[in-house]
Amino acid sequence: MDTLEALQRRLKREQRARAEAERYAEEKTRALFEANQELEAIKGELEALVDARTAELAEARDLAVEANEAKSAFVANLSHELRTPLNAIIGYGEMLGEDLRALELEDLAHDALRILSAGNYLMVLISDLLDLEKIESGELNLNLEEVEIEPLLSSVGDLIRPQVEANRNRLELEISDTATTVRTDSTRLRQILHNLLSNASKFTHDGLIRVESFPELRGEALFLIIEVKDTGIGIAAEDLPRIFKRFAQANPSIARSFGGTGLGLALTRRLCQRLGGDISVASKLGSGSRFRFWLPLDPPLSL
Ligand SMILES: Nc1ncnc2c1ncn2[C@@H]1O[C@H](COP(=O)(O)OP(=O)(O)O)[C@@H](O)[C@H]1O
Ligand SMILES: [Mg+2]
């Protein structure tokens, strides 16, 4: 009897404990369910917020792209509109100069020469601006071909020689015969070389300008390295980071004493990059500069 009572008591106790446990579990389940619902709500809000921000960003990006396209079109149109009359100014300036010289009116011929050189300066400025614009909007198409290095360097050298010699400089070319051709756009390569050589001639007097070209293995690829070195005025260390930026000259007195627009090197760097390479400079104020650029000898077809 005692044992039966004891057993019944135990059973009751266990039933109570079980009911308690079930109630507890139910409570927890409900709490979990509520927490989950709250989380879902927060997630929903967050998603809506992200969607809204993404839409705002997309709109801002579209506006920026549109503005940039409008600017590119404007520069392209303007360049064209400017070039047409400028060609007339240059052409007639040239003719006028020749006529005046034939009439032995040297002073007047000299004035005509000024018209001519101002016109040429504007022409370079406009072409450089247009090229920069094209590169930056991804519209500069390349014409890749197998280019013979030696003839190209020599002919750019011949073209620039009057400028080199105007400041009583000497020009030397040293072309390694281990790389004789490079697959690139010859017009753009000429443009890069011309810019570097015209800077070297401008900023060097009674000095030496040297062009060296040689191949170098970088990682898995072979590159053509071309260096343009001069013994000219050099560039101060604090000015070096600026010179590849558009419209940047080493300092304000440069523009006064040497002229120029500060676009040449900005364009030169963008051209090197467009051709699959890049450019660097090492220089010391008062003891010359060394510009070095590199191009892949055999760039990918996708360039
Ligand atoms: N070979 C060089 N020697 C000394 N300074 C140079 C040389 N090349 C470039 N620079 C400096 O870098 C500046 C930017 O060059 P660039 O973009 O070609 O502009 P620009 O020739 O129109 O002044 C120059 O104004 C000059 O201060
Ligand atoms: Mg220049």
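Residues numbered from 1 in each chain as written. Chains lettered and ligands numbered in written order. Predicted model: local features only at pLDDT ≥ 70, side-chain atom pairs only at ≥ 80, totals over all residues. Heavy atoms only, no water.

Things to note about the overall build of the chain
Looking only at helices and strands, the chain features six helices and seven strands. Moving toward the C terminus, one meets the helices and strands of the chain in the order α-α-β-α-β-β-α-β-β-α-α-β-β. Against the compact-globule benchmark of 19 Å for 303 residues, the chain has a radius of gyration of 36 Å, which places it well outside the compact range. With the C-alpha coordinates aligned to their principal axes, the bounding extent of the chain is approximately 145 × 45 × 40 Å. When each of the 303 residues of the chain is scored for burial, the buried share is 34%. Looking at the chain alone, contacts between residues at least 24 apart form 71% of all its contacts between residues at least 6 apart. (Helix = DSSP H or I, 4+ residues; strand = E, 2+ residues; numbered from the N terminus. Rg over C-alpha atoms; globule rule 2.2 N^0.38 Å. Buried < 20%, exposed > 50% of the residue type's maximum accessible area, 1.4 Å probe, protein only. Contact = heavy atoms within 4.5 Å.)

A word on helix H1 (residues 2-102)
Taking 1.5 Å as the rise per residue, H1 with 101 residues should run 150 Å; its terminal C-alpha atoms sit 145 Å apart, in good agreement. Those residues of H1 lying buried are Ser-72, Val-75, Ser-79, Leu-86, Ile-90, Gly-93, Gly-97 and Leu-100. In this fold, the buried residues of H1 make contact with helix H2 (106-136). (Expected span 1.5 Å × (residues − 1).)

Quick word on the sheet that holds strand S2 (residues 170-175)
Pairing is mixed across the open sheet formed by five strands, whose spatial order is S2-S4-S5-S7-S6. Single-partner strands in this sheet number two, and they are S2 and strand S6 (278-283). For this sheet the average axis-to-axis angle between neighbouring strands, irrespective of direction, equals 20 degrees. As judged from the six bridges shared by S2 and strand S4 (residues 208-218), these two strands associate in the parallel manner. Pairing of Arg-170 across the sheet is with Leu-208, part of S4. The sheet strands contacting helix H3 (residues 149-166) are S2, S4 and strand S5 (221-230), and the helix crosses S2 at an angle near 175 degrees. (Pairing = 2+ DSSP bridges. Axes fitted to C-alpha atoms, helices over the stretch in contact; angles between N-to-C directions.)

What about the domain arrangement of the chain?
Buried accessible area, meaning the area lost when the parts come together, often serves as the stated size of an interface. Domains assigned within the chain are domain 1 (1-140) and domain 2 (145-296). For domain 1 and domain 2, the distance between their C-alpha centres works out to 34 Å. Taken residue by residue, the interface counts nine residues in domain 1 and 13 residues in domain 2. Between domain 1 and domain 2, a total of about 1,200 Å² is buried, with carbon and sulfur atoms accounting for 61% of that surface. Summed over the three residues of domain 1 that lose the most area to domain 2, namely Leu-132, Ile-135 and Leu-140, the buried surface amounts to 45% of that side. Put simply, domain 1 and domain 2 have three salt bridges between them. The partner of Asp-131 in a salt bridge is Arg-188, with the nearest N and O atoms 3.3 Å apart. Scanning the region where domain 1 abuts domain 2 turns up five residue pairs in polar contact (both at pLDDT 80 or more). (Domains from an automatic or database assignment. Buried area = accessible area lost by both parts, 1.4 Å probe. Salt bridge = Lys/Arg side-chain N within 4 Å of Asp/Glu carboxyl O. Polar contact = N/O pair within 3.5 Å; in protein donor to acceptor, adjacent residues only side chain to side chain.)

Considerations on the site of ligand 1
Surveying the vicinity of ligand 1 reveals 21 residues, the closest of which are Asp-230, Gln-249, Thr-261, Gly-262 and Leu-265. A distance of 2.6 Å separates an oxygen atom of ligand 1 from a polar side-chain atom of Gln-249. Ala-250 places a polar main-chain atom, nitrogen or oxygen, 3.0 Å from an oxygen atom of ligand 1. Notes on ligand 1: free accessible area 540 Å², of which the protein chains cover 97%. Elements with a minimum of two residues in the shell around ligand 1: helix H4 (186-202), helix H6 (264-274) and strand S7 (289-296). For the shell around ligand 1, the element with the highest residue contribution is H4, accounting for three residues. (Near = heavy atom within 4 Å. Areas by Shrake-Rupley, 256 points an atom, 1.4 Å probe, with all protein chains shown as cover.)

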